[in-house]
Structures are given as structure tokens and as C-alpha cells.
Amino acid sequence: MTETHLIRLEAINLAPILFDTRDLSTIRGSSLLLLDAVQRVTKWLAEFGCNPVSLSQGASMGLWRVQTTQLEHVLHKIRSHLCQDPQLTHATFVLTSTAESSAFQDSNESLLASQRWAQMQSLSLVIPPTPPPDLATVPPSCELDGLRPATKKRRGINRDNGEPTFLSESTAARRSHGRDAKQSFYRSLTGIDSLPPFASEFEDIAVSSNTSALNGKMAVFYADGNSFGQIQRDHCTGPKQQALWDHFIRSTRRDFLTVFLKDEVLTHPDQWLTDGGEIRFEILLWGGDEVMFVMPGTLGWRFAQRFFESFEDTLLSSARFPTAGEAPNHPFADDPTRFETEVRLSHAAALVFCHHHAPIHRIQKLAREDLAEFAKETDRSKDHLACLALESFDHLGSGFASALQERYKGRLEPKHCLISANDHGTLARNLAEIASSIDALKAPSTDFPRSQLRSFVTSAIRSSEKDISLKSALESEFRNATPDARQELENLKNRFSTQTAFWFQTEELWDYARP
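This structure is a prediction, so every number in the text was calculated from the model and none was measured. (Residues numbered from 1 in each chain as written. Predicted model: local features only at pLDDT ≥ 70, side-chain atom pairs only at ≥ 80, totals over all residues. Heavy atoms only, no water.)

A. View of the overall build of the protein chain. In terms of helices and strands, the protein chain carries 17 helices and twelve strands. At 25 Å, the protein chain has a C-alpha radius of gyration in line with the 24 Å of a compact globule built from 515 residues. On the principal axes, the C-alpha backbone points of the protein chain span a range of 85 × 65 × 45 Å. With 515 residues in all, the protein chain has 54% of them scored as buried. By sequence separation, contacts in the protein chain at least 24 residues apart represent 71% of the contacts at least 6 residues apart. Here the protein chain contributes 55 positive and 66 negative side-chain charges, whose respective centroids are spaced 2 Å apart. (Helix = DSSP H or I, 4+ residues; strand = E, 2+ residues; numbered from the N terminus. Rg over C-alpha atoms; globule rule 2.2 N^0.38 Å. Buried < 20%, exposed > 50% of the residue type's maximum accessible area, 1.4 Å probe, protein only. Contact = heavy atoms within 4.5 Å. Lys, Arg positive; Asp, Glu negative; His and termini not counted. Charge placed at Lys NZ, Arg CZ, Asp CG, Glu CD.)

Following this line, the structure appears as C-alpha cells:
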């Protein structure tokens, strides 16, 4: 008798596979392979006659409802396919199942618990093959990840002396996939056939022919949904609701990326394209609750603004399955299932400005585990953005809160460094106004002295007794400020949570907050 089961796949121990190198093609390839793993498992399940219905797909996970009389045989075949695939074999996957019951949430939680248990029993790194004995000249480790043993010479990445580099099997497979699949990924996701090629190196993204102070710097933007897991537990009470949630999140993310590429990249090629015509933008993480992007330092602020503009009115009640005309193969096309709630979805985000030589594995960890988590711990009820400009690598060793405490000598509470919605506007509006006012203060007609601003903030950090209210500052240090400058300073003050944050963040973001 055919039985219905839930099957869940998840890639685990991601650090050694996603951010173990600073090579952009390898990182891209790793991310795309994890996404592709879900599609391959869907295909395999169909080939095994399981009638799979996809309920959820993330950056590194998939959840299916299947019908089969040979569950263990199916699971064994899929595990074998994952291990034997020349690309996917370098990642660690856990595959678990449970019989579907009327208590869908309990079944889903059971799957998660069994996968966490499997993860605790797994090695954090897939043991790579050892080099063949005849390659005596091979270096002891891969020249990109510095960890796995190199197995052979690989053409395509040349050192300064013109010799090919030595790569491990894992790095070579992921790098090759990242170079081959990048164009098809963007085109299949957005439906835009006219996209120019994407940059291949972080240096190509960060460095341009202009003389901007931010030339050579890149912006890493990361966003994670606030309480998305809890929202699913509260409202995804059955398979259809879970599939509706998944479709809603993935379609809103896709729509944002499509509009961004059309309205920004293709409309402003002078800013977003290299001299060689490549797009200065890359996705480092895509799918599920989390997304991560990298772009030129000059454009990071505007990207953050556009992101929050796109999602600021996202209500769970607006979720809809596609029509049969839009997606004829969707298993729930035209289904009327809805969420009867006005829950608004929000994000905790991080924006890190750094040099393109900065170690990307530490930058992404700083953005994900430090800045964004700090924003979540502060308040999960609304959008927050934590910004950090790394002038040197020295700041990477400290956590966000401790680094700010050290930088500002306790004068500014870290939570007040978050940029959020307030009585004067949404987060997107506040980001736009901050950039606009700083840009206006830089104008020759405004004649606002940056050096005087820096001296004022430095003095305020050193003296906890200094009165830093805008009114006091305009009567003393900035008494010669023009009417236009006073107006822009007043506008800036309204965009931050405290007057201390207004002064300190304006000085900190002076070069980075650009319209």
C-alpha cells in the first residue's frame, strides 16, 4: 500500500563549503550547487515514482511530500546519488523522513530534530581524497582554500609567474560550476535574457576607473527575516500553508532581484558595469530566510534602500499561489488557500563596507552572526539595519557591540547605532533622507566643514560631559553654518534614534551614505 511521507534534505556544516576561499567563482559555485542539489533531488524523487510535491526550498534545504511503498530504498538511492555526484559529493547532506500525519507541524519539527541529531554526529568537513603518489611536486594544500590536499594542476588560474595553480578536487569542482553556471542562474531566475556577464573577481566589483574615495572598497549586504521560523510555526499548519509560505518568500525575493537588475543595473550601466562591460554585483547567498549580496562600496547604501523599499509593505495576507496561466506545472496552481492574518514581514540586515582584499569568510560571519544577530536581539518587530565601515582589518576581531563600545568609549549605546523606522519615516525613507542630506552638506553651496564635524565628534567621544545637542552645537562649533546646512542637519537628526547617534553616525557614514 502506498504511504505518504515527508522527506527533508539539508546541507549542513556550510562554512567549509561556502566561505572557505575568497575566490568569487568558488563561492558562487558552492552556493549554486547547494541550490541545485534541491532541484536534483526533486528530479530523482520523480524518477523513483514518488510523485514529489515540493513544500519548501531554501538556500540549502528542501522539503517534499512523497508517496511510495519503498521509502528506505528511495532514501538509500538518493544518499548514494549525493555521494557519487562529482560536484555534490564535496558537501555534507542529511536526509530524513517521517510519515505524514494530521499534525503537520509536529511532523516537520520531528524532521528538524532528527536532522540536528544527524548533524551532531557528522564531520564538519568532507574528507577529501589524498593526492596520487606520482604527484610529488604538488603543494601540501589547495592554493585557494589552504586546507584540502591539492590533487592536480588546474589550468585557468595563473600565478604571477604564469604557472597554473594547484587545486583540490572540491575547490576545482565548485569553481568550475561557479564560472559555468553564473549567467544561466540569473537568467533563469529573473527571466532577463539581455543581462551582461557578471564580474569574476571581488576586485572587478570594487575597483573602477573613477577616482572616488571608495574605489577599491565593496559593500556586503546581508538580510535575514525576523521570526520567520516562528511565523511558520504559527501559521503553516498544513502542507498547503507551508507551500504557500515558500512560494510567497521565493517569489518576493525573485521579484525584488528582477526589478533591481532592470531599474538599477541595466538603467545605470555607467555605475554598475566594469570598463569591460561586466556587472559589478554578485549573490553570495540566496534562498529561504537569508540573502547576501556584494557590490561596489559606492552603491551599497542605495542597494540597502531599494531592498527595504521593496519589502516594507509585505503582509502575509497578500500571499497567493500562482494561477495555472502563470505556472501551469505548480502543484497548487489556482488553489485558494490564504493566510488570514495581517502579520507584516520584516528583516534584520547588515551592511559592511570593506576593502576588496578583506577576508570574505570573516566579513560574512561579521554580517550574519554579529551585526544582523545584534539587530534581531534588539528588536524583532520591525526592520533594522546595522552598518559598519571597516577602515582597517583591525576591527574584525571584535564583536559589533564591543567594537562600538571601544570606538565610542561608551558614549553611544550600540543599539542606538541601528537605523530603523521611526516617527519620521520608514527605514527605506530614513536611508534615502540620510544619503540626501549628507550629499547636500557636501555641496559647495552648503559649505559645511567635514573636518570640523570630525573634530566635534572626536571631542564628544573624549568628553562625556560635552553637550552635543544640535541646538548647542549650532550655537557653538557650527554657529557659522548656513541656513541650508542647518536644515539638512535637522533632517539628519530626525533619522536617528538619539542626537548622539545622529552626530556619530553622520561622521561615520559621511563617505558611504550616497543617494
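B. Local environment of the sheet that holds strand β3 (residues 61–68). Within the open sheet, the four strands sit side by side as β2-β3-β1-β4. Their pairing is antiparallel. The outermost strands of the open sheet, each flanked by one partner alone, are β2 (53–57) and β4 (92–99). On average, adjacent strands in this sheet sit at an angle of 20° to one another, irrespective of strand direction. Of the strand pairs in this sheet, strand β1 (residues 3–12) and β4 are connected by eight bridges, and their pairing is antiparallel. Residue pairing for β4: Ile12 is matched across the bridge by Thr92. (Pairing = 2+ DSSP bridges. Axes fitted to C-alpha atoms, helices over the stretch in contact; angles between N-to-C directions.)

C. Quick peek at unusual backbone geometry. Phi is positive for Asn13, close to 50°, though the residue is something other than glycine. In this structure, Asn13 sits in the loop between β1 and α1 (15–18). Residue Ser227 is not a glycine yet carries a positive backbone phi of 55°. In this structure, Ser227 sits in the loop between β7 (217–225) and α7 (228–235). Under the relative-accessibility criterion, Ser227 is labelled partly exposed at 26%.

D. Quick look at the confidence of the model for the protein chain. The predicted model of the protein chain has a mean per-residue pLDDT of 90, with 94% of residues at 70 or higher. Predicted confidence in the protein chain is weakest over strand β5 (residues 152–158), with a mean pLDDT of 58, and strongest over helix α10 (residues 300–311), with 97. (pLDDT = per-residue confidence, 0-100.)

E. Local environment of the sheet that holds strand β12 (residues 419–420). Pairing is mixed in the open sheet, where six strands are placed in the order β8-β9-β7-β10-β11-β12. Looking at which strands have only one partner, the edges of the open sheet turn out to be β8 (282–285) and β12. Two strands pair when backbone bridges link them, and strand β11 (residues 384–389) and β12 are joined in this way by two bridges, in the antiparallel orientation. Looking at β12, one finds that Leu385 is bridged to Ile419.

F. Region of interest: the state of the cysteines. In this structure the tally under the stated criterion is zero disulfides. Free cysteine: Cys354, not disulfide-bonded; nearest cysteine sulfur from Cys387 at 13 Å. Looking at Cys417, it has no disulfide partner, and the nearest cysteine sulfur is the one in Cys387, 9.7 Å off. (Disulfide = S-S within 2.5 Å.)

G. Quick look at the environment of Ile205. With respect to the secondary-structure elements, Ile205 resides in helix α6 (residues 202–206). Taking relative accessible area as the criterion, Ile205 reaches 0% and is therefore assigned buried. As a C-alpha pair, Ile205 and Phe281 span 76 residues in sequence and 6.3 Å in three-dimensional space. Not counting residues up to four positions away in its chain, the partners in contact with Ile205 are Leu24, Ala199, Arg280, Phe281, Glu282, Val294, Met295 and Pro296.

H. The arrangement of the environment of Asp511 in detail. With respect to the helices and strands, the residue Asp511 is situated in the segment after α17 (499–508). A relative accessible area of 26% means that Asp511 is categorised as partly exposed. Each C-alpha atom, one on Asp511 and one on Ala213, is 7.6 Å from the other, the two residues being 298 residues apart in sequence.

I. Up close: the pairing of β3. Within β3, six of the eight residues are buried, leaving the element largely enclosed by the surrounding structure. Both β1 and β3 contribute to a ladder of eight bridges, which runs antiparallel. Pairing of Arg8 across the sheet is with Leu63, part of β3. Here β2 pairs with β3 via four bridges, running antiparallel. Bridge pairing links Val53 to Arg65 in β3. Counting the residues between successive antiparallel strands, the hairpin from β2 to β3 contains three residues.

J. Spotlight on the packing of helix α13 (residues 427–442) against helix α16 (residues 483–493). Interaxial distance between α13 and α16 falls to 9 Å at its minimum, and their mutual angle equals 155°. By the angle class used here, α13 and α16 are roughly antiparallel. The two elements α13 and α16 meet at a crossing, and its hand is left-handed. Here Glu433, Ile434, Ser437, Ile438, Ala440 and Leu441 of α13 lie close against α16, whose contacting residues are Ala485, Glu488, Leu489, Asn491 and Leu492. Of the residues in the contact of α13 with α16, the class split is seven nonpolar, two polar and two charged. (Parallel < 35°, antiparallel > 145°, perpendicular 65-115°, else oblique. Left-handed = near helix turned anticlockwise from the far one by under 90°. Nonpolar A, V, L, I, M, F, W, Y, C, P; charged D, E, K, R; others polar.)

K. Just the packing of aromatic side chains, in detail. Scanning the entire structure with this criterion turns up 30 aromatic pairs. Ring centres 5.4 Å apart and planes at 90° place the aromatic pair Phe307 and Phe308 in the edge-to-face group. Phe308 carries the same exposure label as Phe307, and that label is buried. Aromatic ring contacts, followed pair by pair, group Phe221, Phe256, Phe260, Trp272, Phe281, Trp286, Phe293, Phe303, Phe307, Phe308 and Phe311 into a single cluster. Taking NZ or CZ as reference, Arg253 lies 5.4 Å from the ring centre of Phe311, over its face. (Phe/Tyr/Trp six-rings, centres within 6.5 Å; stacked < 30°, edge-to-face > 60°. Lys NZ or Arg CZ within 6 Å of the ring centre and 35° of its normal.)

L. The arrangement of helix α2 (residues 24–47) in detail. The terminal C-alpha atoms of α2, which comprises 24 residues, lie 34 Å apart, in line with the 34 Å expected from a rise of 1.5 Å per residue. Taking burial as the measure, the 24 residues of α2 include 18 buried ones, the bulk of the element. Trailing α2 by a residue or two, Gly49 shows a phi angle of about 75°, which is positive. (Expected span 1.5 Å × (residues − 1).)

M. Spatial organisation of α10. Compared with the 16 Å implied by 1.5 Å per residue over twelve residues, the 17 Å span of α10 between its first and last C-alpha is a close match. The element α10 is largely enclosed, with a buried count of nine among its twelve residues. Those residues of α10 that fall on the buried side of the exposure criterion are Gly300, Trp301, Arg302, Phe303, Ala304, Gln305, Phe307, Phe308 and Phe311.

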